[in-house]
Amino acid sequence: MKITVVGGGNIATQFAVHCANKSNDVTILTSKPECFSKNLSIISKDGSLFLSGEIKNATDNPSEAINNAELIFICVPSFCMESYAEKITPFLKKGAIIMLVPGTGGGECAFKKALDGGCTIAGIQRVPSVARLKEYGKCVCATGYRDELFVSAIPHKNTDECCEIIQNIFDIKCSPLPNYLSLTLTPSNPILHTTRLYNIFGDYHDGKSYDSLPLFYEDWDNKSSELLFRCDEEVQNICNKIPCFDLSYVKSLKIHYESPTIDAMTKKISSIDGFKGLKTPSIHTEGGYVPDLNSRYFVADFSYGLAIIKQIADLCGVETENINTVLDWYKKIRIDKKMFNYHDYGIDSYEKFIDFYSM
(Lines give C-alpha, C1' and ligand atoms only; values in the text may rest on other atoms or scores of the structure.)
Protein backbone atom coordinates (compact mmCIF):
# COMPACT_ATOMS: atom_id res chain seq x y z
CA MET A 1 0.00 0.00 0.00
CA LYS A 2 0.96 3.65 -0.36
CA ILE A 3 1.03 4.77 3.28
CA THR A 4 1.66 8.16 4.87
CA VAL A 5 2.52 8.52 8.55
CA VAL A 6 1.73 11.97 9.93
CA GLY A 7 4.02 12.89 12.82
CA GLY A 8 7.63 12.28 13.78
CA GLY A 9 7.49 11.17 17.40
CA ASN A 10 7.45 7.88 19.30
CA ILE A 11 4.39 6.26 17.79
CA ALA A 12 4.86 7.73 14.30
CA THR A 13 8.36 6.27 14.08
CA GLN A 14 7.19 2.90 15.36
CA PHE A 15 4.33 2.76 12.84
CA ALA A 16 6.59 3.82 9.98
CA VAL A 17 8.98 0.95 10.73
CA HIS A 18 6.22 -1.66 10.87
CA CYS A 19 4.68 -0.40 7.62
CA ALA A 20 8.00 -0.22 5.79
CA ASN A 21 9.06 -3.64 7.06
CA LYS A 22 6.05 -5.11 5.25
CA SER A 23 7.26 -3.61 1.93
CA ASN A 24 4.73 -0.79 1.88
CA ASP A 25 5.55 2.53 0.20
CA VAL A 26 5.95 4.76 3.28
CA THR A 27 6.21 8.55 3.48
CA ILE A 28 6.47 10.51 6.73
CA LEU A 29 4.89 13.97 6.98
CA THR A 30 6.85 15.82 9.66
CA SER A 31 7.99 19.32 10.53
CA LYS A 32 11.60 18.07 10.68
CA PRO A 33 12.12 15.95 7.54
CA GLU A 34 15.84 16.73 7.50
CA CYS A 35 16.25 14.73 10.72
CA PHE A 36 14.93 11.48 9.26
CA SER A 37 17.05 8.65 7.98
CA LYS A 38 15.70 6.43 5.20
CA ASN A 39 16.46 3.42 7.40
CA LEU A 40 14.45 3.35 10.62
CA SER A 41 14.54 0.77 13.37
CA ILE A 42 12.80 -0.48 16.50
CA ILE A 43 14.92 -1.87 19.30
CA SER A 44 13.98 -3.92 22.34
CA LYS A 45 14.61 -2.89 25.93
CA ASP A 46 18.02 -4.62 25.93
CA GLY A 47 19.09 -2.62 22.86
CA SER A 48 18.84 -5.49 20.38
CA LEU A 49 17.30 -4.89 16.97
CA PHE A 50 13.63 -5.85 16.88
CA LEU A 51 12.52 -4.57 13.47
CA SER A 52 13.75 -2.30 10.69
CA GLY A 53 12.38 -0.78 7.52
CA GLU A 54 13.26 1.67 4.77
CA ILE A 55 10.91 4.57 4.15
CA LYS A 56 10.53 6.20 0.76
CA ASN A 57 10.55 9.80 1.91
CA ALA A 58 10.18 12.28 4.76
CA THR A 59 8.72 15.67 3.90
CA ASP A 60 7.01 18.71 5.38
CA ASN A 61 4.92 19.20 2.21
CA PRO A 62 1.30 17.96 2.70
CA SER A 63 0.67 17.68 -1.04
CA GLU A 64 3.77 15.59 -1.59
CA ALA A 65 3.00 13.36 1.38
CA ILE A 66 -0.73 12.82 0.91
CA ASN A 67 -1.34 12.67 -2.85
CA ASN A 68 -2.56 9.17 -3.82
CA ALA A 69 -2.01 7.79 -0.30
CA GLU A 70 -4.33 4.87 0.41
CA LEU A 71 -3.76 4.82 4.17
CA ILE A 72 -2.82 7.76 6.40
CA PHE A 73 -1.81 7.16 10.02
CA ILE A 74 -2.38 10.28 12.16
CA CYS A 75 0.15 10.06 15.01
CA VAL A 76 0.02 13.59 16.42
CA PRO A 77 -1.44 14.90 19.70
CA SER A 78 -5.21 15.39 19.66
CA PHE A 79 -4.89 19.18 19.98
CA CYS A 80 -3.09 19.17 16.61
CA MET A 81 -5.75 17.12 14.80
CA GLU A 82 -7.78 20.03 13.50
CA SER A 83 -4.81 21.90 12.06
CA TYR A 84 -3.48 18.76 10.37
CA ALA A 85 -6.95 17.97 9.03
CA GLU A 86 -7.02 21.40 7.37
CA LYS A 87 -3.57 20.82 5.87
CA ILE A 88 -4.10 17.36 4.40
CA THR A 89 -7.82 17.11 3.58
CA PRO A 90 -7.48 18.99 0.24
CA PHE A 91 -5.04 16.32 -1.00
CA LEU A 92 -6.91 13.20 0.12
CA LYS A 93 -8.26 10.92 -2.55
CA LYS A 94 -11.75 9.48 -2.26
CA GLY A 95 -11.67 6.12 -0.53
CA ALA A 96 -8.53 6.81 1.50
CA ILE A 97 -8.44 5.50 5.06
CA ILE A 98 -7.46 7.95 7.79
CA MET A 99 -6.35 5.94 10.83
CA LEU A 100 -6.19 7.85 14.13
CA VAL A 101 -3.61 6.57 16.62
CA PRO A 102 -5.13 6.29 19.15
CA GLY A 103 -8.75 6.87 18.18
CA THR A 104 -9.60 9.10 21.14
CA GLY A 105 -9.33 12.90 21.21
CA GLY A 106 -12.05 13.99 18.80
CA GLY A 107 -10.17 13.24 15.60
CA GLU A 108 -13.29 11.72 14.07
CA CYS A 109 -14.81 15.22 14.16
CA ALA A 110 -11.65 17.06 13.11
CA PHE A 111 -11.61 14.99 9.91
CA LYS A 112 -15.36 15.28 9.31
CA LYS A 113 -14.83 17.09 5.97
CA ALA A 114 -12.71 14.17 4.79
CA LEU A 115 -15.47 11.80 5.88
CA ASP A 116 -18.01 13.84 3.94
CA GLY A 117 -15.67 13.65 0.93
CA GLY A 118 -15.75 9.86 0.80
CA CYS A 119 -12.86 8.92 3.07
CA THR A 120 -13.01 6.45 5.93
CA ILE A 121 -12.10 7.56 9.46
CA ALA A 122 -10.78 4.73 11.62
CA GLY A 123 -9.16 4.55 15.03
CA ILE A 124 -7.14 2.15 17.16
CA GLN A 125 -8.38 1.88 20.73
CA ARG A 126 -4.90 1.80 22.28
CA VAL A 127 -1.39 1.99 20.84
CA PRO A 128 0.29 -1.39 20.17
CA SER A 129 2.97 -0.92 22.83
CA VAL A 130 4.91 1.55 24.90
CA ALA A 131 7.29 3.35 22.53
CA ARG A 132 10.07 5.80 23.38
CA LEU A 133 12.39 7.50 20.92
CA LYS A 134 16.01 6.40 21.23
CA GLU A 135 17.26 8.70 18.47
CA TYR A 136 14.93 11.13 16.74
CA GLY A 137 14.35 10.29 13.10
CA LYS A 138 16.20 6.99 13.36
CA CYS A 139 15.29 4.65 16.19
CA VAL A 140 12.58 3.94 18.75
CA CYS A 141 12.50 1.50 21.69
CA ALA A 142 9.26 -0.50 21.96
CA THR A 143 8.26 -2.69 24.89
CA GLY A 144 5.20 -4.67 25.94
CA TYR A 145 3.38 -5.31 22.67
CA ARG A 146 -0.30 -6.13 23.15
CA ASP A 147 -1.75 -9.51 22.26
CA GLU A 148 -4.77 -7.93 20.62
CA LEU A 149 -5.73 -4.59 19.09
CA PHE A 150 -9.21 -3.13 18.60
CA VAL A 151 -10.35 -0.93 15.74
CA SER A 152 -13.52 0.81 14.60
CA ALA A 153 -14.34 2.93 11.56
CA ILE A 154 -16.80 5.48 10.27
CA PRO A 155 -18.64 4.34 8.15
CA HIS A 156 -18.82 1.24 10.33
CA LYS A 157 -19.15 -1.08 7.31
CA ASN A 158 -15.42 -0.51 6.64
CA THR A 159 -14.29 -1.68 10.09
CA ASP A 160 -13.41 -5.24 9.06
CA GLU A 161 -11.21 -3.98 6.22
CA CYS A 162 -9.36 -1.67 8.63
CA CYS A 163 -8.87 -4.51 11.12
CA GLU A 164 -7.34 -6.70 8.43
CA ILE A 165 -4.89 -3.95 7.45
CA ILE A 166 -3.71 -3.41 11.04
CA GLN A 167 -3.42 -7.15 11.65
CA ASN A 168 -1.27 -7.58 8.54
CA ILE A 169 1.03 -4.67 9.44
CA PHE A 170 1.65 -5.63 13.08
CA ASP A 171 1.08 -9.40 13.05
CA ILE A 172 -1.16 -8.86 16.06
CA LYS A 173 -4.75 -10.06 16.24
CA CYS A 174 -7.06 -7.12 15.50
CA SER A 175 -10.74 -7.26 16.41
CA PRO A 176 -13.57 -4.94 15.35
CA LEU A 177 -15.34 -2.71 17.84
CA PRO A 178 -19.13 -2.42 17.44
CA ASN A 179 -19.02 1.38 16.99
CA TYR A 180 -16.63 4.33 16.99
CA LEU A 181 -18.07 5.64 20.26
CA SER A 182 -16.32 2.70 21.93
CA LEU A 183 -13.08 4.50 21.05
CA THR A 184 -14.21 7.99 21.99
CA LEU A 185 -15.21 6.88 25.50
CA THR A 186 -12.15 4.71 26.19
CA PRO A 187 -11.06 5.83 29.70
CA SER A 188 -7.35 5.68 29.07
CA ASN A 189 -5.18 8.82 29.32
CA PRO A 190 -8.19 11.16 29.68
CA ILE A 191 -8.82 9.55 33.09
CA LEU A 192 -5.40 8.16 34.00
CA HIS A 193 -3.37 11.32 33.39
CA THR A 194 -5.91 13.90 34.50
CA THR A 195 -6.66 12.38 37.89
CA ARG A 196 -2.96 11.98 38.61
CA LEU A 197 -2.19 15.58 37.65
CA TYR A 198 -5.03 16.84 39.82
CA ASN A 199 -3.68 14.96 42.83
CA ILE A 200 -0.13 16.22 42.29
CA PHE A 201 -0.96 19.86 41.47
CA GLY A 202 -4.41 20.28 43.05
CA ASP A 203 -3.21 23.16 45.24
CA TYR A 204 -1.38 24.93 42.42
CA HIS A 205 -1.97 28.61 41.75
CA ASP A 206 -0.05 31.34 39.99
CA GLY A 207 3.10 32.04 41.99
CA LYS A 208 3.24 28.65 43.70
CA SER A 209 6.12 26.25 43.09
CA TYR A 210 7.23 22.87 44.44
CA ASP A 211 10.62 21.91 45.87
CA SER A 212 10.31 18.43 44.37
CA LEU A 213 7.78 16.32 42.50
CA PRO A 214 7.01 12.60 42.51
CA LEU A 215 7.68 10.43 39.48
CA PHE A 216 4.47 10.31 37.50
CA TYR A 217 3.89 6.56 37.58
CA GLU A 218 6.49 4.99 39.88
CA ASP A 219 5.36 7.17 42.81
CA TRP A 220 1.66 6.66 42.09
CA ASP A 221 -0.34 6.69 45.33
CA ASN A 222 -3.68 5.49 46.69
CA LYS A 223 -5.12 8.99 46.57
CA SER A 224 -4.61 9.02 42.81
CA SER A 225 -6.10 5.52 42.46
CA GLU A 226 -9.15 6.49 44.50
CA LEU A 227 -9.98 9.48 42.28
CA LEU A 228 -9.24 7.42 39.17
CA PHE A 229 -11.79 4.81 40.35
CA ARG A 230 -14.46 7.45 40.90
CA CYS A 231 -13.99 9.05 37.48
CA ASP A 232 -13.76 5.64 35.82
CA GLU A 233 -17.12 4.69 37.37
CA GLU A 234 -18.68 7.85 35.95
CA VAL A 235 -17.54 6.81 32.45
CA GLN A 236 -19.29 3.48 32.96
CA ASN A 237 -22.43 5.38 34.03
CA ILE A 238 -22.31 7.30 30.75
CA CYS A 239 -22.05 4.04 28.79
CA ASN A 240 -25.09 2.67 30.59
CA LYS A 241 -27.11 5.74 29.54
CA ILE A 242 -26.59 5.14 25.81
CA PRO A 243 -28.55 1.91 25.23
CA CYS A 244 -28.62 2.25 21.44
CA PHE A 245 -24.90 1.39 21.27
CA ASP A 246 -23.02 -1.68 22.44
CA LEU A 247 -20.40 -0.07 24.69
CA SER A 248 -19.28 -3.25 26.42
CA TYR A 249 -15.79 -2.76 24.99
CA VAL A 250 -15.37 0.46 26.98
CA LYS A 251 -13.70 -1.48 29.74
CA SER A 252 -13.29 -0.10 33.23
CA LEU A 253 -9.67 0.66 34.07
CA LYS A 254 -10.09 -1.82 36.92
CA ILE A 255 -10.49 -4.52 34.27
CA HIS A 256 -7.88 -3.13 31.89
CA TYR A 257 -5.22 -3.07 34.61
CA GLU A 258 -6.57 -6.20 36.34
CA SER A 259 -6.73 -4.24 39.59
CA PRO A 260 -10.10 -4.39 41.36
CA THR A 261 -9.00 -2.51 44.51
CA ILE A 262 -7.32 0.81 45.19
CA ASP A 263 -4.23 -0.86 46.66
CA ALA A 264 -3.98 -3.22 43.67
CA MET A 265 -4.27 -0.34 41.19
CA THR A 266 -1.54 1.64 42.95
CA LYS A 267 0.77 -1.35 42.96
CA LYS A 268 0.03 -2.14 39.31
CA ILE A 269 0.60 1.33 37.87
CA SER A 270 3.71 2.01 39.93
CA SER A 271 5.30 -1.25 38.76
CA ILE A 272 4.68 -1.15 34.99
CA ASP A 273 8.09 -1.51 33.41
CA GLY A 274 7.42 0.75 30.41
CA PHE A 275 6.35 3.60 32.72
CA LYS A 276 9.40 3.59 34.94
CA GLY A 277 11.46 6.75 35.18
CA LEU A 278 8.84 9.01 33.60
CA LYS A 279 8.78 12.39 35.30
CA THR A 280 5.77 14.54 36.14
CA PRO A 281 5.37 17.16 33.38
CA SER A 282 6.88 20.28 34.91
CA ILE A 283 9.21 23.21 34.38
CA HIS A 284 12.09 24.01 36.72
CA THR A 285 12.07 27.70 37.62
CA GLU A 286 14.16 29.80 39.98
CA GLY A 287 11.63 29.20 42.76
CA GLY A 288 11.17 25.48 42.14
CA TYR A 289 9.01 23.27 39.93
CA VAL A 290 5.75 24.38 38.32
CA PRO A 291 3.41 22.33 36.10
CA ASP A 292 4.19 22.33 32.39
CA LEU A 293 0.78 23.43 31.17
CA ASN A 294 1.90 23.03 27.54
CA SER A 295 2.60 19.33 28.02
CA ARG A 296 0.28 17.04 26.10
CA TYR A 297 -0.54 15.43 29.47
CA PHE A 298 -2.37 18.69 30.17
CA VAL A 299 -3.47 20.04 26.80
CA ALA A 300 -4.49 16.78 25.12
CA ASP A 301 -5.85 14.83 28.06
CA PHE A 302 -7.93 17.63 29.55
CA SER A 303 -9.00 19.74 26.56
CA TYR A 304 -9.39 16.86 24.11
CA GLY A 305 -9.95 13.95 26.49
CA LEU A 306 -11.79 14.64 29.69
CA ALA A 307 -13.67 17.54 28.07
CA ILE A 308 -15.12 15.18 25.45
CA ILE A 309 -16.26 12.70 28.09
CA LYS A 310 -17.88 15.54 30.02
CA GLN A 311 -19.73 16.80 26.94
CA ILE A 312 -21.05 13.31 26.19
CA ALA A 313 -22.24 13.08 29.79
CA ASP A 314 -24.09 16.39 29.39
CA LEU A 315 -25.70 15.27 26.12
CA CYS A 316 -26.88 12.09 27.85
CA GLY A 317 -27.96 13.77 31.10
CA VAL A 318 -25.43 11.97 33.33
CA GLU A 319 -24.06 13.57 36.50
CA THR A 320 -20.25 13.49 36.73
CA GLU A 321 -19.29 15.10 40.02
CA ASN A 322 -15.69 13.86 40.07
CA ILE A 323 -14.96 14.52 36.40
CA ASN A 324 -16.40 18.01 36.91
CA THR A 325 -14.06 18.63 39.84
CA VAL A 326 -10.97 17.66 37.86
CA LEU A 327 -11.98 19.52 34.70
CA ASP A 328 -13.02 22.68 36.56
CA TRP A 329 -9.63 22.73 38.29
CA TYR A 330 -7.87 22.59 34.92
CA LYS A 331 -9.98 25.43 33.55
CA LYS A 332 -8.93 27.61 36.48
CA ILE A 333 -5.20 27.11 35.95
CA ARG A 334 -5.32 27.18 32.12
CA ILE A 335 -8.11 29.57 31.20
CA ASP A 336 -6.75 30.54 27.77
CA LYS A 337 -6.67 27.07 26.21
CA LYS A 338 -9.13 26.06 23.50
CA MET A 339 -11.15 22.95 24.28
CA PHE A 340 -12.86 20.48 22.00
CA ASN A 341 -16.52 21.28 21.43
CA TYR A 342 -19.00 19.08 19.55
CA HIS A 343 -20.99 22.22 18.67
CA ASP A 344 -18.14 23.30 16.37
CA TYR A 345 -19.01 20.33 14.16
CA GLY A 346 -22.79 20.78 14.21
CA ILE A 347 -23.33 18.12 16.88
CA ASP A 348 -25.42 20.11 19.35
CA SER A 349 -28.08 17.64 20.49
CA TYR A 350 -28.36 14.06 21.70
CA GLU A 351 -30.08 13.10 18.44
CA LYS A 352 -27.30 14.53 16.24
CA PHE A 353 -24.72 12.89 18.49
CA ILE A 354 -26.37 9.49 18.02
CA ASP A 355 -26.72 10.01 14.27
CA PHE A 356 -23.04 10.85 13.85
CA TYR A 357 -21.80 7.74 15.65
CA SER A 358 -24.37 5.53 13.91
CA MET A 359 -22.84 5.98 10.46
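Residues numbered from 1 in each chain as written. Predicted model: local features only at pLDDT ≥ 70, side-chain atom pairs only at ≥ 80, totals over all residues. Heavy atoms only, no water.

Draft legend 1. Geometry of the nonpolar core. Formed by 86 residues in total, the largest nonpolar core has its most connected members in Ile74, Phe111, Leu185, Ile242 and Ile312. The greatest single-element share of this core, amounting to 11 residues, is contributed by helix H12 (residues 296-316). When neighbours within four sequence positions are excluded, Ile312 is seen to be in contact with Leu181, Thr184, Leu185, Ile238, Ile242, Tyr342 and Phe353. With 39 residues, the next largest nonpolar core counts Ile28, Cys162, Ile169 and Cys174 among its residues. (Core = buried A, V, L, I, M, F, W, Y, C linked by side-chain atoms within 4.5 Å. Buried < 20%, exposed > 50% of the residue type's maximum accessible area, 1.4 Å probe, protein only. Helix = DSSP H or I, 4+ residues; strand = E, 2+ residues; numbered from the N terminus. Contact = heavy atoms within 4.5 Å.)

Draft legend 2. Up close: the layout of surface pockets. In this model, the second largest pocket occupies a volume close to 190 Å³. What lines the second largest pocket is simply Glu82, Ala85, Glu86, Thr89, Pro90, Cys109, Ala110, Lys112, Lys113, Asp344 and Tyr345. Broken down by secondary-structure element, the contributors of at least two residues to the lining of the second largest pocket are helix H3 (81-88), helix H4 (107-110) and helix H5 (112-116). Here the lining of the second largest pocket gets 3 residues from one element, more than from any other, and that element is H3. Of the residues in the lining of the second largest pocket, the class split is 5 nonpolar, 1 polar and 5 charged. (1 Å grid on protein atoms, 1.4 Å probe; cavity = no way out; pocket = protein on both sides within 12 Å on 5 of 7 lines; lining within 4 Å. Points joined across faces, edges and corners; volume = space filled by probe spheres on them. Nonpolar A, V, L, I, M, F, W, Y, C, P; charged D, E, K, R; others polar.)

Draft legend 3. A look at unusual backbone geometry. In this structure, Pro102 follows Val101 across a cis peptide bond, with omega equal to -10 degrees. Mapped onto the elements, Pro102 comes out in the loop between strand S7 (97-100) and H4. Looking along the chain, the bond that leaves Ile154 and enters Pro155 is cis, with omega of 0 degrees. Not every positive phi belongs to a glycine, and Ser23 is a case in point at roughly 65 degrees. Along the chain, the position of Ser23 falls in the loop between helix H1 (10-21) and strand S2 (25-29). A positive phi angle, near 50 degrees, is found at Glu258, a position not held by glycine.

Draft legend 4. Spatial organisation of the packing of aromatic side chains. With the rule as written, the count across this model stands at 23 aromatic pairs. Ring geometry for Tyr198 against Trp329: centres 5.5 Å apart, planes inclined by 90 degrees, an arrangement best described as edge-to-face. Of the two residues, Tyr198 sits in helix H8 (residues 189-201) while Trp329 sits in helix H13 (residues 321-333), which places them 131 residues apart along the sequence. When its relative accessible area of 23% is taken as the criterion, Tyr198 is described as partly exposed. Look at Phe356 and Tyr357: their rings are 5.0 Å apart centre to centre, the planes differ by 85 degrees, and that puts the pair in the edge-to-face class. An aromatic cluster is present here, built from Tyr198, Phe201, Tyr210, Phe298, Phe302, Trp329 and Tyr330 joined pairwise through their rings. When the ring centre of Tyr136 is taken as origin, the NZ or CZ atom of Lys32, which lies over that ring, is 5.4 Å away. Cation over ring: Lys87 sits above Tyr84, and NZ or CZ is 4.7 Å from the ring centre. (Phe/Tyr/Trp six-rings, centres within 6.5 Å; stacked < 30°, edge-to-face > 60°. Lys NZ or Arg CZ within 6 Å of the ring centre and 35° of its normal.)

Draft legend 5. Quick peek at empty space enclosed by the protein. Considering all chains together, one arrives at 1 cavity of 30 Å³ or more under this definition. By volume, the largest cavity is sized at about 60 Å³. Every residue lining the largest cavity is counted, 14 residues in all, and those nearest its centre are Glu82, Ala110, Tyr304, Phe340 and Tyr345. Elements represented by at least two residues in the lining of the largest cavity include exactly H3 and H4. Broken down by class, the residue content of the lining of the largest cavity amounts to 6 nonpolar, 5 polar and 3 charged.

Draft legend 6. Local environment of the packing of H8 against H13. Where H8 meets H13, the axes come as close as 10 Å, and the angle between the chain directions of the two elements is 65 degrees. Of the two elements, H8 crosses H13, and the hand of that crossing is left-handed. Between H8 and H13, the contacting residues are Thr194, Leu197, Tyr198 and Phe201 on the first element and Thr325, Val326 and Trp329 on the second. (Axes fitted to C-alpha atoms, helices over the stretch in contact; angles between N-to-C directions. Left-handed = near helix turned anticlockwise from the far one by under 90°.)

Draft legend 7. Looking closely at the packing of H12 against H13. With their axes 10 Å apart at the nearest point, H12 and H13 run at an angle of 140 degrees to one another. In terms of orientation, H12 and H13 fall into the oblique class. As for how H12 packs across H13, the hand of that crossing is left-handed. Contacts between H12 and H13 involve Phe298, Val299, Phe302, Ser303, Leu306, Ala307, Ile309 and Lys310 on the former and, on the latter, Ile323, Asn324, Val326, Leu327, Trp329, Tyr330 and Ile333. Taken together, the residues of the contact of H12 with H13 break down into 12 nonpolar, 2 polar and 1 charged. (Parallel < 35°, antiparallel > 145°, perpendicular 65-115°, else oblique.)

Draft legend 8. How the structure looks around the sheet that holds strand S10 (residues 139-143). As summarised here, the arrangement of the 4 strands in space is S4-S3-S10-S9, forming an open sheet in which the pairing is mixed. Strand pairing shows two members of the sheet lacking a second neighbour, strand S4 (49-54) and strand S9 (130-135), which therefore form its edges. Each strand axis lies, on average, 25 degrees off the axis of its neighbour in the sheet, ignoring direction. Sheet topology note: the S9/S10 ladder contains 5 bridges and is antiparallel. Looking at the pairing, Leu133 lines up with Val140 of S10. Docked against the sheet, H1 engages strand S3 (39-43), S4, S9 and S10, running at close to 75 degrees with respect to S4. (Pairing = 2+ DSSP bridges.)

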